[in-house]
Amino acid sequence: MGNEFVAVSAELINDKVQFQGKTRTNQPIICDYAPPLGDGQGYTGLELFLVSLADCSGSTVVSLLRKMRKDVSGFRVNAQGVRREEHPTYFEKITLEFILDSRDAAEADLQKAIRLSEEKFCPVWAMIKNNVEVATRFKIVAS
């Protein structure tokens, strides 16, 4: 099995720093920065990174829970990043909060799925491991 090739594009679309991001045949997304550099009409790169980490870790956790034959009626990942003040202003710490709506999953099930996502399955998490502190919280609600 060879390496999978992933490609995206980001094209400047105004006279500041607003870009349109595209991948495959998906809807484009608008990326921009706050004034005065940009117009504040799109996602910043760091916001998109947090969305990517939340989506990747969440997709992994949901898939693992379903493999455990647990009910997943709803699932949400909230991500927050603390940026350093000096440039480059990357994240020093990220907190992921996993909220599972399930009628039969136990805390141990969710903890195991989160741990496996971090240690083995989520490629976005793997890219920042040992570079950025990532804290996790979770809760289970039953609707």
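What comes next concerns the included structure. Source: prediction; values computed, not measured.

Conventions used here
Residues numbered from 1 in each chain as written. Predicted model: local features only at pLDDT ≥ 70, side-chain atom pairs only at ≥ 80, totals over all residues. Heavy atoms only, no water. Pairing = 2+ DSSP bridges. Helix = DSSP H or I, 4+ residues; strand = E, 2+ residues; numbered from the N terminus. Axes fitted to C-alpha atoms, helices over the stretch in contact; angles between N-to-C directions. Expected span 1.5 Å × (residues − 1). Buried < 20%, exposed > 50% of the residue type's maximum accessible area, 1.4 Å probe, protein only. Arc of directions from axis to C-beta. Salt bridge = Lys/Arg side-chain N within 4 Å of Asp/Glu carboxyl O. Core = buried A, V, L, I, M, F, W, Y, C linked by side-chain atoms within 4.5 Å. Contact = heavy atoms within 4.5 Å.

## Side note on the sheet that holds strand β3 (residues 29–31)
Move 1: Spatial strand order, β1-β2-β3: three strands in an open sheet with antiparallel pairing. Two strands lie at the open edges of the sheet, namely β1 (9–12) and β3, each paired on one side alone. The average undirected angle you get between the axes of adjacent strands in this sheet is 30°.
Move 2: The pairing of β1 with strand β2 (residues 19–22) spans four bridges and is antiparallel.

## Quick notes on helix α2 (residues 107–121)
Move 1: If you check α2, its first and last C-alpha atoms are 20 Å apart, about what 15 residues at 1.5 Å a residue would give, namely 21 Å.
Move 2: Every buried residue of α2 is accounted for by D109, L110, A113, I114, L116 and S117. Angular distribution of buried residues about the axis of α2 spans 160°; they occupy a single face of the element. Facing away from the buried side of α2 by more than 90 degrees, the exposed set consists of E107, A108, E119 and K120.

## Describing the pattern of salt bridges
Move 1: In total, this model carries seven salt bridges according to the counting rule given.
Move 2: Across the salt bridge formed by K70 and D109, the nearest N and O atoms sit 3.6 Å from each other. Linking K70 in the loop between α1 (45–67) and β4 (74–83) with D109 in helix α2, this pair joins segments that are 39 residues apart in sequence.
Move 3: K93 is the salt-bridge partner of E133, the closest N and O atoms lying 3.8 Å from each other. Linking E133 in strand β6 (residues 133–141) with K93 in strand β5 (residues 91–101), this pair joins segments that are 40 residues apart in sequence.

## Quick word on the nonpolar core
Move 1: L53, V61, L65, I94, L96, F98 and W125 are the most contacted members of the largest nonpolar core, which has 25 residues in total.
Move 2: Only α1, β5, α2 and α3 (123–128) provide two or more residues apiece to this core.
Move 3: In terms of residues, this core owes the most to one element, α1, which gives eight residues.
Move 4: Setting aside residues up to four positions removed in sequence, L53 forms contacts with G58, I94, L96, V124, W125 and I128.

## Brief notes about unusual backbone geometry
Move 1: Here the amide bond leading from P35 into P36 is cis, since omega sits at 10°, within 30 degrees of zero.
Move 2: With respect to the element layout, P36 can be found in the loop between β3 and α1.
Move 3: Looking along the chain, the bond that leaves H87 and enters P88 is cis, with omega of -5°.
Move 4: With respect to the element layout, P88 can be found in the loop between β4 and β5.
Move 5: Of note in the backbone geometry, R24 takes a positive phi value of approximately 40° without being a glycine.
Move 6: Among the structural elements, R24 can be located in the loop between β2 and β3.
Move 7: A relative accessible area of 73% means that R24 is categorised as exposed.

These figures come from the coordinates and say nothing about function on their own.
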